[in-house]
Amino acid sequence: MESTVTVRVPGTTANCGPGFDTVGIACTIYNDLTLTLSEKPGFTLAVTGEGADGIPNNERNIAYQAVSAVLNKVGVTSPGITIAMHNNIPLARGLGSSAAAIVGGLVAANAATGGKLGKDELLVLATALEGHPDNVAPAIFGGITVSFTAGGTPETLRFNPPDPLRLVVAVPDFGLSTKAARQVLPKTVPYADAVFNVSRAALLVGALCQGRLDLLRFALEDRLHQPYRAKLIPGMDEVLAAAQANGALGAAISGAGPCLIAFAHRETSAAIGGAMVAAFARHGVKAASLDLDVDNHGAKII
Ligand code: HSE
């Protein structure tokens, strides 16, 4: 018996300033993954779109590993596995491309085998593959997520964004692996910086829940990771300042970077994107801008 499923998965921005490894938001940029399980033995994987040349098309592929994880979990053996991925999310930029590949593989394999696993179980599998839940949670659930691990199990609190929130992303033309961006972080931080981040992260969630967009300029401030990552992103402080100067509600690194993201009202988003790209250019970095909304659905079968 043959079963084919196509899943569309949103890109995601994690951290949102102070919510390191915790807060995530799904964005309206999407990767599609089509999975076919069949009796005809063999494995093929084809990738088109963003980063197609750099993505492995063998068993090391993270989407394939996600498909395998579901098949193992539900006890299904499929002699034939065919995966086709079409990517729009820029690769290794801090917009959740690996989370999208993982979630695409998991959701497709789950649907192709009868939908035995719930979203919470997919979150556990996704977090095990990705290493942290902050991107995979919004990719699964959509909206804004606050993720945490309790007794070794990842869980997430999901809520909808305040209505007019727009996400403007400056995408530089170089990649940065999450691993490299984590290597520059210190083992310990000053107590005062930890307290600063507790205040900002709590404020971020409260401001987003209450639609207090005026507080985002404080609520997106961070001292746990951004100051250490600045050396990996030429012009970071100037690009964030350019966003603010052109009407951004607040701005931060997207995930582990190098994308920088501004939260904005719709009417200011084009000017903010242009200012961020121009500020990158002053530091010799070519960049493009994306003007996105929050995706409220998460991964869906199409
Ligand atoms: N939160 C991670 C980090 C990246 O900043 O290293 C996204 O999972």
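Quantities reported herein were computed from a predicted structural model and do not represent experimental measurements.

Thresholds applied
- Residues numbered from 1 in each chain as written.
- Predicted model: local features only at pLDDT ≥ 70, side-chain atom pairs only at ≥ 80, totals over all residues.
- Heavy atoms only, no water.
- 1 Å grid on protein atoms, 1.4 Å probe; cavity = no way out; pocket = protein on both sides within 12 Å on 5 of 7 lines; lining within 4 Å.
- Points joined across faces, edges and corners; volume = space filled by probe spheres on them.
- Helix = DSSP H or I, 4+ residues; strand = E, 2+ residues; numbered from the N terminus.
- Nonpolar A, V, L, I, M, F, W, Y, C, P; charged D, E, K, R; others polar.

**So, empty space enclosed by the protein**
For the structure on display, the rule yields 1 cavity of 30 Å³ or more. Each pocket or cavity is described by its volume, and for the largest cavity that value is around 40 Å³. Lining the largest cavity are Val9, Asn31, Asp32, Leu33, Met85, Asn87, Ala100, Ala101 and Gly104. Looking at the lining of the largest cavity, the elements with two or more residues in it are β2 (19–38), β4 (80–87) and α2 (97–112). The residue makeup of the lining of the largest cavity, split by class, is 5 nonpolar, 3 polar and 1 charged.

**Observations regarding the layout of surface pockets**
Here the largest pocket is characterised by a volume of approximately 740 Å³. Along the walls of the largest pocket sit 39 residues, with Ser97, Ser98, Ala99, Glu130 and Thr178 positioned nearest its centre. Looking at the lining of the largest pocket, the element that brings in the most residues is α2, giving 5 residues. The residue inventory of the lining of the largest pocket, partitioned by class, reads 15 nonpolar, 16 polar and 8 charged. Reported here for the second largest pocket is a volume of approximately 230 Å³. Every element with two or more residues in the lining of the second largest pocket is listed here: α8 (226–229) and α9 (236–245). It is α9 that contributes the most residues to the lining of the second largest pocket, 5 residues altogether. Each residue belonging to the lining of the second largest pocket can be placed in one class, and the counts come to 6 nonpolar, 2 polar and 4 charged.

These results come straight from atomic positions and should not be treated as a statement about function.
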